[in-house]
Amino acid sequence: MTITNWSSEVNTKFYSYSKKPQDNTVVSSFISGRVTGFKRNTRQIMTFSCKLRVTKAEEDIFWIWVDQMGACLGAWQCSDLGAGYFRFVSVPSPDDTDQKYTVLNMEIEQVY
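Residues numbered from 1 in each chain as written. Predicted model: local features only at pLDDT ≥ 70, side-chain atom pairs only at ≥ 80, totals over all residues. Heavy atoms only, no water.

## Examining the overall build of the protein
Argument step 1. Counting secondary structure elements, the protein contains 1 helix and 9 strands.
Argument step 2. The order of helices and strands in the protein, counted from the N terminus, is β-β-β-β-β-α-β-β-β-β.
Argument step 3. Relative to the compact-globule value of 13 Å for 112 residues, the protein shows a C-alpha radius of gyration of 17 Å, a clear excess of over 25%.
Argument step 4. For the protein, buried positions account for 31% of its 112 residues.
Argument step 5. By sequence separation, contacts in the protein at least 24 residues apart represent 65% of the contacts at least 6 residues apart.
Argument step 6. Placing the 12 positive and 12 negative side-chain charges of the protein at their respective mean positions leaves the two points 12 Å apart. (Helix = DSSP H or I, 4+ residues; strand = E, 2+ residues; numbered from the N terminus. Rg over C-alpha atoms; globule rule 2.2 N^0.38 Å. Buried < 20%, exposed > 50% of the residue type's maximum accessible area, 1.4 Å probe, protein only. Contact = heavy atoms within 4.5 Å. Lys, Arg positive; Asp, Glu negative; His and termini not counted. Charge placed at Lys NZ, Arg CZ, Asp CG, Glu CD.)

## Focus on the pattern of salt bridges
Argument step 1. Under the counting rule described, the total for this entry stands at 1 salt bridge.
Argument step 2. Here Glu109 and Arg87 are joined by a salt bridge, their closest N and O atoms 2.7 Å apart. With Glu109 in strand 9 (residues 101–110) and Arg87 in strand 7 (residues 86–88), the pair connects residues that are 22 residues apart, well separated along the chain. (Salt bridge = Lys/Arg side-chain N within 4 Å of Asp/Glu carboxyl O.)

## Some thoughts on the state of the cysteines
A disulfide bridge is the covalent bond that connects two cysteines by way of their sulfur atoms.
Argument step 1. Within the structure shown, the criterion is met by 0 disulfides.
Argument step 2. Not engaged in a disulfide, the cysteine Cys72 finds its nearest cysteine sulfur in Cys50; these two sulfurs lie 14 Å apart.
Argument step 3. Of all cysteine sulfurs in the structure, the one in Cys50 sits closest to Cys78, which takes part in no disulfide; the separation is 8.9 Å.
Argument step 4. Since its relative accessible area comes to 5%, Cys78 is described here as buried. (Disulfide = S-S within 2.5 Å.)

## Some points on the packing of aromatic side chains
Argument step 1. A full pass over the atoms with the stated rule returns 13 aromatic pairs.
Argument step 2. Here the aromatic rings of Trp6 and Phe62 are separated by 5.9 Å at their centres, their planes lie at 50°, and the arrangement is tilted. A residue pair is termed long-range when its members are at least 10 positions apart, and Trp6 in the loop between strand 1 (3–5) and strand 2 (14–21) and Phe62 in helix 1 (residues 56–69) qualify at 56 residues. Of the two residues, Trp6 and Phe62, neither departs from the other in class, the shared state being buried.
Argument step 3. Joined through ring pairs, the aromatic side chains of Trp6, Phe14, Tyr17, Phe48, Phe62, Trp63, Trp65, Trp76, Phe86 and Phe88 make up one cluster.
Argument step 4. Its end group placed over the ring of Tyr101, Arg53 keeps NZ or CZ at 3.7 Å from the ring centre. (Phe/Tyr/Trp six-rings, centres within 6.5 Å; stacked < 30°, edge-to-face > 60°. Lys NZ or Arg CZ within 6 Å of the ring centre and 35° of its normal.)

This is the structure:
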């Protein structure tokens, strides 16, 4: 896994930001009707959903950065999202708002 920093040439003005914990449990049902469960991880992992408005030049730099780290395979740091490392859950989807700006819709999860 490649670990990098957020590209310094792309802004970090995230908006429409929502943060929620991932489901961290495994539940088992038995024939007797008894239900038990346990935690997958000792640490709660958070998932983020956000948008980022970028210029066309920033968008080009962003896609080069995403390609260099392996898209959803690489992890990265961004202090504006918090401490730790993050990765894309899926490839960010762009919405072309006009000829100057693009809005990137991102699903991000905390890795470490």
